[in-house]
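# Close look at the chain arrangement
Letter by letter, the chains look like this.
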Amino acid sequence: MRPLLQRLLPALCSAAARALLVRRAVPMALWPAEGAARAGGDARSAAGAAPEHDGLENIQEKKIFKEDKEKTQQSEEPCAADSVDSLMAEMPFVDIDIEDECAMHATSELSVKKKRKRTTGREMEEGIERKKKKNKQYQPNYFISLPITNPKITGSIQALQDAIIQKDQRLSKAMVRSGSLHVTMLVMHLSSEEEISIAVGALSDSKVFLDDLLKGKRVDLSFQGIDHFRNQVGFVNLAENDHTTLLKEIAETMTKIFQEKGIMAGEERAFNPHLTFMKLSKSTELRKQVKKIDSSLYEDFKNHYFGDEILHRFDLCSMLKKKQPNGYYYCESSIVFGKSHEADLVKEALRRETQALLSRLNQIKELLTSPEIRTKISKELFEDRHNSNCKWKSCINSESPDA
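Notes on the structure in this doc start here. Each chain has its residues counted from 1, following the order in which its sequence is written. Local features are withheld for residues below a pLDDT of 70 in this predicted model, meaning they are given only at 70 or higher, and side-chain atom pairs are given and counted only at 80 or more; totals for whole chains, interfaces and linings count all residues. Heavy atoms from the whole structure form the basis of all side-chain values; hydrogens and water molecules are not counted.

### Description of the overall build of the protein chain
As a reminder, the rule being used: Labels follow the DSSP assignment, with helices taken as runs of H or I lasting at least four residues and strands as runs of E lasting at least two, numbered in each case from the N terminus. Residue contacts are counted whenever heavy atoms from the two residues lie within 4.5 Å of one another. Only the protein chains shown count as covering a residue, and every accessible area follows the Shrake-Rupley method with a 1.4 Å probe.
Counting secondary structure elements, the protein chain contains 10 helices and 9 strands. Taking the intrachain contacts of the protein chain between residues at least 6 apart in sequence as the baseline, contacts between residues at least 24 apart amount to 79%. Of the roughly 27,500 Å² of accessible surface on the protein chain, a fraction of 54% belongs to carbon and sulfur atoms.

### Thoughts on the packing of aromatic side chains
Under the convention used in this document: Ring pairs shown here join Phe, Tyr and Trp side chains whose ring centres sit within 6.5 Å, with only the six-membered ring taken for Trp; geometry is labelled stacked below 30 degrees between planes, edge-to-face above 60, and tilted in between. Each residue gets one of three labels from its accessible area relative to the maximum for its type: buried under 20%, exposed over 50%, partly exposed in between, using a 1.4 Å probe on protein chains only.
Applying the stated criterion across every chain yields a total of 4 aromatic pairs. The interplanar angle of 50° and the centroid separation of 5.5 Å between the aromatic rings of F314 and F337 together place this pair among those described as tilted. Of the two residues, F314 is situated in strand β8 (residues 313-318) and F337 in the loop between β9 (330-336) and α9 (341-369); the sequence distance between them amounts to 23 residues. A relative accessible area of 5% means that F337 is categorised as buried. These aromatic residues form a ring-pair network of at least three members: F143, Y328 and Y329.

### Some words on the environment of E240
The condition that has to hold: N or O atoms within 3.5 Å of each other form a polar contact, as long as, within protein, one can give a hydrogen and the other can take it, and as long as residues adjacent in sequence are counted only when both atoms are side-chain atoms.
Position of E240 relative to the elements: it lies in the loop between β4 (233-238) and α7 (242-260). For E240, a relative accessible area of 59% gives the class exposed. Within the structure, the side chain of E240 is placed 3.5 Å from the side chain of K248, a separation counted as a polar contact.

### Overview of the sheet that holds β8
Put simply, the test is: In this description, strands pair whenever DSSP reports at least two bridges between them.
Strand order in the open sheet formed by 5 strands is β5-β2-β1-β8-β9, and the pairing between neighbours is antiparallel. In the strand order of this sheet, the two ends are held by β5 (264-265) and β9, each with one partner. For strand β2 (residues 182-189) and β5, the ladder comprises 2 bridges, and the chain directions are antiparallel. Of the residues in β5, the one forming a bridge with H189 is M264.

### Some details on the pairing of β8
The buried count for β8 comes to 6 of 6 residues, which makes it a mostly enclosed element. Of the two faces of β8, the one holding R313, D315 and C317 and the one holding F314, L316 and S318 are both buried throughout. Looking at chain direction, strand β1 (residues 142-147) and β8 are connected through 4 bridges and run antiparallel. Its bridge partner lying in β8, I144 is registered against L316. Here β8 runs beside β9; their pairing, made up of 6 bridges, is antiparallel. The partner of F314 across the bridge, within β9, is I335.

### Notes on the sheet that holds β4
Under the convention used in this document: Here an angle of 0 to 180 degrees is reported between the N-to-C directions of two axes, which are lines fitted to C-alpha atoms, with helices fitted over the stretch in contact.
Overall, antiparallel pairing links the 4 strands, which are arranged β6-β4-β3-β7 in an open sheet. The open sheet has two edge strands with one neighbour each: β6 (274-279) and β7 (305-310). For this sheet the average axis-to-axis angle between neighbouring strands, irrespective of direction, equals 35°. Looking at chain direction, β4 and β6 are connected through 5 bridges and run antiparallel. Its bridge partner being in β6, N237 is matched across the sheet by H274.

### A word on the nonpolar core
Taken as a class, soluble globular proteins show a tendency for nonpolar side chains to be buried jointly. Using the following cut-off: Put simply, buried Ala, Val, Leu, Ile, Met, Phe, Trp, Tyr and Cys residues joined by side-chain atoms within 4.5 Å make one nonpolar core.
Counting residues in each nonpolar core, the largest one holds 56 residues, and the members touching the most others are I144, M188, F223, F258 and F314. Take this core: its biggest share by element is 7 residues, from α7. Those residues within four positions of M188 in sequence are excluded, and the remaining contacts are P140, N141, Y142, I144, A199, F258, I263, M264, A265 and L316.

### Some details on the side chain of E309
The cut-off we apply is this: Positive charges come from Lys and Arg alone, negative charges from Asp and Glu alone, with His and the N- and C-terminal ends not counted. Within this document, salt bridges are pairs made up of a side-chain nitrogen of Lys or Arg and a carboxyl oxygen of Asp or Glu, the two lying within 4 Å of each other.
The topology assignment puts E309 in strand β7. The side chain of E309 sits in the buried core without any salt bridge; R313 is the nearest counter-charge, 8.1 Å away. Only 3.1 Å separates the side chain of E309 from the backbone nitrogen of N150, close enough to count as a polar contact.

### Overview of the state of the cysteines
What counts here: Two cysteine sulfur atoms form a disulfide, by the criterion used here, when they sit within 2.5 Å.
Scanning the entire structure with this criterion turns up 0 disulfides. For C317, which is in no disulfide, the shortest distance to another cysteine sulfur is to C331 and amounts to 4.7 Å. The class for C331 is partly exposed, based on a relative accessible area of 24%.

### Here's the deal with unusual backbone geometry
In this structure, R230 takes a positive phi of about 50° despite not being glycine. Looking at where R230 falls in the secondary structure, it is placed in the loop between β3 (220-229) and β4. Backbone geometry at N231 places phi at a positive 60°, although glycine is not the residue there. Examined against the element boundaries, N231 turns out to sit in the loop between β3 and β4.

### Thoughts on the pairing of β1
In terms of residue burial, β1 counts as a mostly covered element, since 6 of its 6 residues are buried. In β1, alternate side chains face the same way, and those of Y142, I144 and L146 on one face and F143, S145 and P147 on the other are all buried.

### Some points on helix α6 (residues 193-214)
To keep it simple, the criterion reads: Working rule for helices: expected span equals 1.5 Å times residues minus one. Of all possible arcs, the one meant is that of the directions from the helix axis to the C-beta atoms.
An ideal rise of 1.5 Å per residue puts 32 Å on 22 residues; α6 measures up with 31 Å between its terminal C-alpha atoms. For α6, the full list of buried residues reads I196, A199, A202, L203, S206, L210 and L214. For α6, the angular spread of the buried residues around the axis is 110°, confining them to a single face. Residues of α6 that are exposed and point over 90 degrees away from its buried face: E194, V208 and D212.

### Notes on α7
Between its terminal C-alpha atoms α7 stretches 27 Å, which fits the 27 Å expected from 19 residues at 1.5 Å a residue. Those residues of α7 not exposed but buried are T244, L246, L247, I250, A251, M254, T255, I257 and F258. Where α7 begins, one side-chain oxygen reaches toward the backbone nitrogen of H243, 3.0 Å away; that side chain belongs to N241.

So, in structure tokens, the structure goes:
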């Protein structure tokens, strides 16, 4: 502040002094002249004074003006440092340094900005953390599965996977096991055993809806053709037909049932039923090596027909819990309706076994009714009996003490 005042005060002092002298010094200089003029005038008018008296008066006036001018010049000289200090000492803000105040203000503003910046950055970080936590909190960990049990479908997909691996061995880590093949109906997040129990109840309620909707009608889902998601996931398509439309209606209704129970179920995007057989996300190491799946690897199966799946069961499965020995997901609950390929397989196996047994029995009957076979069998039985008797007799004779 002091350097600034030292620059400003000389001008202030000069202006103040000039105003003061105009009020005091100038009138004092004019009064003698006016008095002399009035006196001279009175004398000339009254007594007729001589002209030299006027010259003397003019000289005195000039002398007075010269002294006043010197005084005025002296008063206009810059104020000394002591005068500046004395004036500064009388000012109310003497103890405040303007430069320091400005610096403090600037520093304060800078600190506020930095603090605001740090706070904003921290708030952004906290917001990101909260978002991550929220996303993690509501990240799906359970899903409703439509299991694939038709051996024709699983066998065809196995052949597809083998053909791809032969062309690129690295993709063996991306293949979905045959026991895990399924169609995802909807996904959800269950954070506690209570929510799992609620989800089990919602699945049970879905069965009531399905029984009323299907009324015993059989739903065949036809799998044909291959497609991909951003060259990261390979899947088999469901052929568009009335049964596929019915499956979409089932998925929408099940989602509503779970949501009405308070379960965070369903996704924002539309339901797109598909059967995944390969995905790069199964292996972190693989994703570093392979960025995209080359569609030419499955070109031969592009329009291949894989088979039909009979809609008969839905499972509430965990994404995180340990899978079953056959590769299928851990299942919390299931609803069964209609017939399944598994039941058909058991029935077919029993039928074939029964037919084999009946065929064998018929053969035995035919052998027993044939005369030749009966004679042959009788002769064989007689020989077997005779041989047995001979062995028994020889055994007794060898043990006799007379032998």
